[in-house]
Amino acid sequence: MLKITDLRAEIDGKEILKGLNLEVNAGEVHAIMGPNGAGKSTLGYVLGGRPGYDATGGSVRFDGQDLLELEPHERAAAGLFLGFQYPVEIPGISNLQFVREALNSQRRARGEAPLSGGEFLKLARAQAEALGMDVEMLKRPVNVGFSGGEKKRNEMVQMGIIGPRLAILDETDSGLDIDALKAVGEGINRIMRAPDKAVLLITHYQRLLDYVQPDFVHVLADGRIVRSGGPELALELEREGYGAVAA
Ligand SMILES: Nc1ncnc2c1ncn2[C@@H]1O[C@H](COP(=O)(O)OP(=O)(O)OP(=O)(O)O)[C@@H](O)[C@H]1O
Ligand SMILES: [Mg+2]
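Rules behind the numbers
- Residues numbered from 1 in each chain as written.
- Chains lettered and ligands numbered in written order.
- Predicted model: local features only at pLDDT ≥ 70, side-chain atom pairs only at ≥ 80, totals over all residues.
- Heavy atoms only, no water.
- Helix = DSSP H or I, 4+ residues; strand = E, 2+ residues; numbered from the N terminus.
- Expected span 1.5 Å × (residues − 1).
- Buried < 20%, exposed > 50% of the residue type's maximum accessible area, 1.4 Å probe, protein only.
- Arc of directions from axis to C-beta.
- Core = buried A, V, L, I, M, F, W, Y, C linked by side-chain atoms within 4.5 Å.
- Near = heavy atom within 4 Å.
- Polar contact = N/O pair within 3.5 Å; in protein donor to acceptor, adjacent residues only side chain to side chain.
- Areas by Shrake-Rupley, 256 points an atom, 1.4 Å probe, with all protein chains shown as cover.
- Nonpolar A, V, L, I, M, F, W, Y, C, P; charged D, E, K, R; others polar.
- Pairing = 2+ DSSP bridges.
- Axes fitted to C-alpha atoms, helices over the stretch in contact; angles between N-to-C directions.
- Contact = heavy atoms within 4.5 Å.

**Re helix α4 (residues 117-130)**
Thinking step 1. A rise of 1.5 Å per residue sets the reference length of α4, with its 14 residues, at 20 Å; its end C-alpha atoms lie 20 Å apart and thus fit the reference within 8%.
Thinking step 2. The complete set of buried residues in α4 reads Phe120, Ala124, Gln127 and Ala128. The buried residues of α4 all sit within an arc of 100 degrees when viewed along its axis, so they share a single face. Within α4, the exposed residues directed more than 90 degrees away from the buried face are Gly118, Lys122 and Glu129.

In structure tokens:
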């Protein structure tokens, strides 16, 4: 589904991704762990197409297409979803308006009919309820005044409504209370654990992986994947730290 080959990226002239290789097949969950500043969020931004985060070398194929050639909205329409480490607040537009527009523009781009107001509302309510988010929060401006954990939960509601094929989730577990962690973990499994979908889960801790069991765990250090393994690698990292594992 996703094949990243020798990916390089610079920010302000400084190389952050230094030849990164990663292959993700449909049906798989890959956890990406690694020290602060290693380039994990940068990888998410480069894949999502955030302005200022352009690849300077290498290639990324997504379902056989050249992902790096696509505009961000084309990447979304192709089924890519990026959950932000720091979800942005968007004053003046309600959650409902925002996600409806996102979903329907993606549907139009794929040649599918947009959902009517009623159909959309039904879907949005069901997703909010499944994630234990108060439906009233859907009417509020996107993330404005939401607590840290509410923003993260809201990202999962958005993901549930949009129904991507590949989700890149950047520290979706950070700032969640114990019950929210469980709800978000179960949400990821419910929305994304399917034979035709895949997840890149960027995280620092095993706790999310207790709910969303990864098929593969990778260590990203200094702009490259320096080690890959199964779920046991995350436990080893938690025990021993990066010094021993990624050196
Ligand atoms: N917009 C930017 N301007 C300058 N430097 C940047 C910018 N974005 C990222 N960097 C630098 O790139 C490096 C990688 O950052 P990145 O956010 O990808 O790390 P990370 O692995 O996600 O870390 P963390 O675990 O702390 O979230 C860091 O040294 C960071 O300072
Ligand atoms: Mg980060």
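**So, the nonpolar core**
Thinking step 1. In this structure, Phe120, Leu138, Met159, Leu169, Ile188 and Leu201 are the most contacted members of the largest nonpolar core, which totals 42 residues.
Thinking step 2. Residue contributions to this core peak at six residues, all from helix α6 (residues 178-192).
Thinking step 3. Judged by nonpolar contacts, the second largest core, of 28 residues, contains Ala38, Leu70, Ala198 and Ile202.

**A few points about the site of ligand 1**
Thinking step 1. Around ligand 1, a shell composed of 16 residues is seen, among which Gly37, Lys40, Ser41, Thr42 and His204 lie nearest.
Thinking step 2. Note that an oxygen atom of ligand 1 is positioned 2.9 Å from one of the backbone N or O atoms of glycine 39.
Thinking step 3. Within the contact set of ligand 1, a nitrogen atom lies 3.1 Å away from a side-chain nitrogen or oxygen of tyrosine 53.
Thinking step 4. When the free accessible area of ligand 1 is taken as 640 Å², the share hidden by the protein chains comes to 65%.
Thinking step 5. Those elements that provide at least two residues to the shell around ligand 1 are β2 (14-24) and α1 (40-48).
Thinking step 6. For the shell around ligand 1, the element with the highest residue contribution is α1, accounting for three residues.
Thinking step 7. Here the shell around ligand 1 is built from residues that sort into five nonpolar, seven polar and four charged.

**Considering the sheet that holds strand β3 (residues 29-33)**
Thinking step 1. Read across the open sheet, the six strands follow the order β6-β9-β10-β3-β11-β12; overall the sheet is mixed. Two strands bound the open sheet, and with one partner strand each, they are β6 (80-83) and β12 (224-229). Each neighbouring strand pair of the sheet contributes to a mean axis angle of 20 degrees, computed without reference to strand direction.
Thinking step 2. As defined by bridge partners, strand β9 (residues 166-170) adjoins strand β10 (residues 198-202) across five bridges and the pair is classed as parallel. Bridge pairing in β10 places leucine 169 opposite leucine 201.
Thinking step 3. Sheet contacts for helix α5 (residues 148-162): β6 and β9; angle to β6, the most-contacted strand, approximately 170 degrees.

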